[in-house]
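# Secondary and tertiary structure notes
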Amino acid sequence: MNSISFDHTRFDAAIVDLDGTMVDTLGDFAEALNRMLSDLSLPPVSPAAIERMVGKGSEHLILSALSHVMAPEAAGEAPARAQALFDRAWERYQHHYLEINGRYSAVYPGVLEGLKALRARGLRLACLTNKPTSFAKPLLAAKGLDGFFEQVFGGDAFERKKPDPLPLRKTCEALGTVPSRTLMVGDSSNDARAARAAGCPVVLVTYGYNHGEPVRGVDADGFVDALTELAAAPA
Ligand SMILES: O=C(O)COP(=O)(O)O
Ligand SMILES: [Mg+2]
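Residues numbered from 1 in each chain as written. Chains lettered and ligands numbered in written order. Predicted model: local features only at pLDDT ≥ 70, side-chain atom pairs only at ≥ 80, totals over all residues. Heavy atoms only, no water.

### Digging into the overall build of the chain
Note the cut-off: Helical segments are the DSSP runs of H or I of at least four residues, strand segments are the runs of E of at least two, and each set is numbered from the N terminus. Computation of the radius of gyration draws on C-alpha atoms alone. For the globule rule, the value is 2.2 Å times the number of residues to the power 0.38. Each residue's exposure class comes from its accessible area (1.4 Å probe, protein chains only) as a fraction of the maximum for that residue type: buried when under 20%, exposed when over 50%, partly exposed otherwise. Whether two residues are in contact is decided by their heavy atoms: any pair within 4.5 Å suffices. Accessible surface is estimated by sampling points in the Shrake-Rupley manner with a 1.4 Å probe; for residues, cover comes only from the protein chains shown. Positive: Lys, Arg. Negative: Asp, Glu. His and the chain ends are not part of the count. Think of each charge as sitting on NZ of Lys, CZ of Arg, CG of Asp or CD of Glu.
Across its full length, the chain carries 8 helices and 8 strands. Taken over C-alpha atoms, the radius of gyration comes to 18 Å for the chain, in line with the 18 Å a tight globule of 235 residues would show. When the backbone C-alpha atoms are referred to their principal axes, the chain occupies close to 55 × 30 × 30 Å. Here the chain holds 235 residues, and 53% of them are scored as buried. For the chain, the proportion of contacts with a sequence separation of at least 24, taken over those separated by at least 6, is 68%. Counting every atom, the chain has about 9900 Å² of accessible surface; 51% of that belongs to carbon and sulfur. Positive and negative side-chain charges in the chain, numbering 24 and 29 respectively, have mean positions lying 3 Å apart.

In structure tokens, the structure reads:
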């Protein structure tokens, strides 16, 4: 890590993001979105385009994908047309996502070892994602990651999503920890902005999505190439 050296005595808990941090879910997003678009007789969207849309929850993802595939000549009208299709699109997306959840995704290298080491050092763990809770819990279970977390909160768990600080504050409350001793581990500016505003130190992984932007440009306390680096310091 660059600007803070990882001293475990500084933290009582860690809040860990899901998509782009623990699991590479781009394949699941692509499969569910393209099945949804096909049901709506719309053309498919490429994984490269989807990568830039991920991280702000399912509603944002669906509206972005719908606008993206609508005819370029109607670009100005695309948001309104996307909104009109939203209810049917959301129903189809949910149906397909729950069916394929985890099948086209993989846990990043170092995640299991990193989480094990954090737990072994006595840190309490919560998962906080903008993904709906009903998608997040079965995904964690399918990937063998559910046992690490005392709490799992999705984008629908609180009134507002990251980058708002509310979900981090509420997660700290649920863990019974103070933000200044609760490390946020994420992959995007969304996670970092939420953490800064909540008063949590924040570390970002370098391999995630970050809305298609270079992650090292984000204001964070440190960057790691794998979660194992968080546990590298001697216990
Ligand atoms: O927007 C999503 O569904 C994914 O969000 P996450 O990076 O907060 O897990
Ligand atoms: Mg993420």
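### Let's talk about the coordination of the magnesium ion (ligand 2)
Rules: Think of the donor list as every N, O and S atom within 2.8 Å of the metal, or within 3.2 Å for Na, K and Ca; water never makes the list, so a site can look incomplete.
Surrounding the magnesium ion (ligand 2) are the protein donor atoms Asp 17 (OD), Asp 19 (O) and Asp 187 (OD), at 2.1 to 2.2 Å. Read N to C, the donor residues that coordinate the magnesium ion (ligand 2) are spaced as D-x1-D-x167-D. With a gap of 168 residues between them, Asp 19 in the loop between β1 (13-16) and β2 (23-24) and Asp 187 in the loop between β6 (182-186) and α8 (189-198) connect regions that are remote in the sequence. Taking relative accessible area as the criterion, Asp 19 reaches 9% and is therefore assigned buried. The buried category is assigned to Asp 187, whose relative accessible area is 4%.

### Quick notes on the nonpolar core
This is how the line gets drawn: Here, nonpolar core means buried Ala, Val, Leu, Ile, Met, Phe, Trp, Tyr and Cys residues that are tied together by side-chain atoms lying within 4.5 Å of each other. Note: domain ranges come from an automatic or database domain assignment.
Met 22, Leu 66, Tyr 93, Leu 115 and Phe 149 are the most contacted members of the largest nonpolar core, which totals 56 residues. Each of two domains, domain 1 (8-24 + 106-231) and domain 2 (26-100), supplies a minimum of three residues to this core. The contacts of Phe 149, once residues within four sequence positions are left out, are Val 16, Met 22, Leu 115, Leu 125, Ala 126, Cys 127 and Leu 140. Residues Ile 15, Met 184, Val 215 and Ala 220 belong to the second largest nonpolar core, which totals 22 residues.

### Describing the packing of aromatic side chains
The description of two aromatic rings rests on the distance between their centres and on the angle between their planes. Stated formally: Put simply, two rings from Phe, Tyr or Trp (the six-membered ring, in Trp's case) pair if the centres are within 6.5 Å, and we call them stacked under 30 degrees between planes, edge-to-face over 60, tilted for the rest.
According to the stated counting rule, one finds 8 aromatic pairs in the structure shown. Relative to Phe 135, the ring of Tyr 97 has its centre 4.4 Å away and its plane inclined at 5°; by these criteria the two rings are stacked. Of this pair, Tyr 97 sits in helix α4 (residues 78-100) while Phe 135 sits in helix α6 (residues 133-142); the two residues are 38 residues apart in sequence, bridging distant segments of the chain. Accessibility expressed as a relative area gives 0% for Tyr 97, which makes it buried. The exposure class assigned to Phe 135 is buried, which follows from its relative accessible area of 1%. Connected via pairs of aromatic rings, a cluster forms that spans Phe 29, Trp 90, Tyr 93, Tyr 97 and Phe 135.

### Focus: the UniProt feature "active site" (unreviewed entry) in the chain
So the rule is basically this: UniProt positions are given in the numbering used here, feature names are shortened, and annotations may be inferred rather than shown by experiment. In protein, a polar contact means a hydrogen-donor-capable atom and an acceptor-capable atom, both N or O and within 3.5 Å, with residues adjacent in sequence counting only if both atoms are side-chain atoms; elsewhere, any N or O pair within 3.5 Å suffices.
Here the UniProt feature "active site" (unreviewed entry) sits at Asp 17. According to the relative accessible area criterion, Asp 17 is buried, its value standing at 4%. Side-chain polar atoms of Asp 17 contact the side chain of Lys 162, separated by 2.8 Å.

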